[in-house]
Amino acid sequence: MAAEKTHAIVLKVVEFSESSCVVTLFTEDFGKVGALAKGARRPKGPFEGAIDLLALIRIVFLRKSSDSLDLLTEAKLERRFRSAQRDLARLYAGYYVAELLTELTERGDPHPALFQAADRTLLDLDTGAPLVETIVRFELTALKEAGHSPSLSGCVICGREIKFSGRVPFEMTSGGVLCENCRPGRRGVVSVSSQVIDALRKISLREGEAPAEPFLDTTIHGELRAVLNNYFAHLVGHRLRMSDSLGSSTKQ
Ligand SMILES: [Zn+2]
């Protein structure tokens with residue numbers, strides 16, 4: 001049983017007994033981890049209040065055999081997610097980040113780049129970066145890490161570059177735009193305005209860069225959310241719980 005050290009973001013905390021809880025963590029080096037935190041519910045417990053939803057913590061844990069929970073032995077708080085006290089929309093966006101990490105990653109499958117992106121996104125939410133752009137940027141990084149980046153310029157079937165104007169067919173199952181040759185007979189196709197595709201391309205090109213100002217046109221925000229919510233629902237097999245809390249209409 002090896003003791004492992006890493007950074008982690010707290011995704012979920014469930015009471016386990018009077019003094020303990022089970023935590024789901026997204027760690028930098030080991031991916032998603034489920035661990036028992038003994039004494040975490042005691043006021044002066046061993047973790048000193050570090051087990052807090054969406055907090056960035058430094059941990060030591062003991063890895064157990066495949067099916068059982070790991071054991072958390074140390075947790076030090078590095079940064080609390082503070083939006084909880086200030087802004088409901090940002091709090092929900094933080095929950096959404098946790099939901100995406102939970103749904104798109106497997107236990108024990110490390111994605112350090114996704115960890116960095118999640119850490120940065122939570123910090124950006126806390127420091128007042130534009131909400132919509134910050135979340136979409138994280139969604140596109142999460143899709144890339146999960147191997148499901150949508151194809152936004154070439155046809156997802158034949159690869160041909162598409163000239164955009166008006167509305168563009170987007171296939172949910174294969175995740176991308178379709179050219180007019182490939183469109184006939186395909187299922188799960190929605191019609192998306194070329195401005196939404198352009199906005200997604202723009203954000204995917206800015207990966208890593210925190211937007212200082214909102215730059216998405218508010219008139220396309222509703223449609224953009226509808227497309228992404230629908231795409232994630234196809235990927236994970238159900239609608240994400242927090243997706244309806246991200247503002248704007250999600251009807252498709
Ligand atoms: Zn094609």
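Residues numbered from 1 in each chain as written. Predicted model: local features only at pLDDT ≥ 70, side-chain atom pairs only at ≥ 80, totals over all residues. Heavy atoms only, no water.

Chemist: What exactly am I supposed to notice about the pairing of strand β5 (residues 70-79) here?
Modeler: Here is the key point about a regular strand: its side chains alternate between the two faces of the sheet. Both strand β3 (residues 31-37) and β5 contribute to a ladder of 2 bridges, which runs parallel. Across the sheet, A35 pairs through a bridge with D70, a residue of β5. Relative to β5, strand β4 (residues 56-62) runs antiparallel, the two sharing 7 bridges. Paired with I57 across the bridge in β5 is L77. (Pairing = 2+ DSSP bridges. Helix = DSSP H or I, 4+ residues; strand = E, 2+ residues; numbered from the N terminus.)

Chemist: Would you mind showing me how to read the sheet that holds strand β7 (residues 176-177) here?
Modeler: One key point about sheets: their strands pair by backbone hydrogen bonds, in either a parallel or an antiparallel sense. Spatial ordering of the open sheet is given by β7-β6-β8, a layout of 3 strands whose pairing is antiparallel. Unpaired on one side and paired on the other, β7 and β8 (189-193) mark the two borders of the sheet. As paired strands, strand β6 (residues 167-171) and β8 are joined by 5 bridges and run antiparallel to one another. Residue pairing across strands places E171 opposite V189, the latter belonging to β8. Here helix α4 (residues 194-205) sits on the sheet and contacts β6, β7 and β8; the angle it forms with β8, its principal contact strand, is near 80°. Here helix α5 (residues 218-236) sits on the sheet in contact with β6 and β8, set at roughly 155° to β8. (Contact = heavy atoms within 4.5 Å. Axes fitted to C-alpha atoms, helices over the stretch in contact; angles between N-to-C directions.)

Chemist: Help me understand unusual backbone geometry in this model?
Modeler: The phi angle of most residues is negative, glycine excepted, and most peptide bonds adopt the trans form. Residues other than glycine seldom take positive phi values, yet E48 does so here, at roughly 45°. Position of E48 relative to the elements: it lies in the loop between β3 and β4. On the accessibility criterion, E48 (62% relative accessible area) is exposed. Of note, the phi angle at L54 is positive, near 70°, even though the residue is not glycine. (Buried < 20%, exposed > 50% of the residue type's maximum accessible area, 1.4 Å probe, protein only.)

Chemist: Looking at this model, I keep getting lost on the packing of helix α1 (residues 88-104) against helix α2 (residues 112-126). Mind explaining?
Modeler: What describes two packed helices is the angle between their axes and the distance between those same axes. Relative orientation of the contacting elements α1 and α2 amounts to 170°, with a least axis distance of 10 Å. Between α1 and α2, the crossing angle belongs to the class labelled roughly antiparallel. Here α1 contributes R90, A93, G94, V97 and L101 to the contact with α2, which in turn contributes L114, A118, T121, L122, D124 and L125. Its residues placed into classes, the contact of α1 with α2 shows 7 nonpolar, 2 polar and 2 charged. (Parallel < 35°, antiparallel > 145°, perpendicular 65-115°, else oblique. Nonpolar A, V, L, I, M, F, W, Y, C, P; charged D, E, K, R; others polar.)

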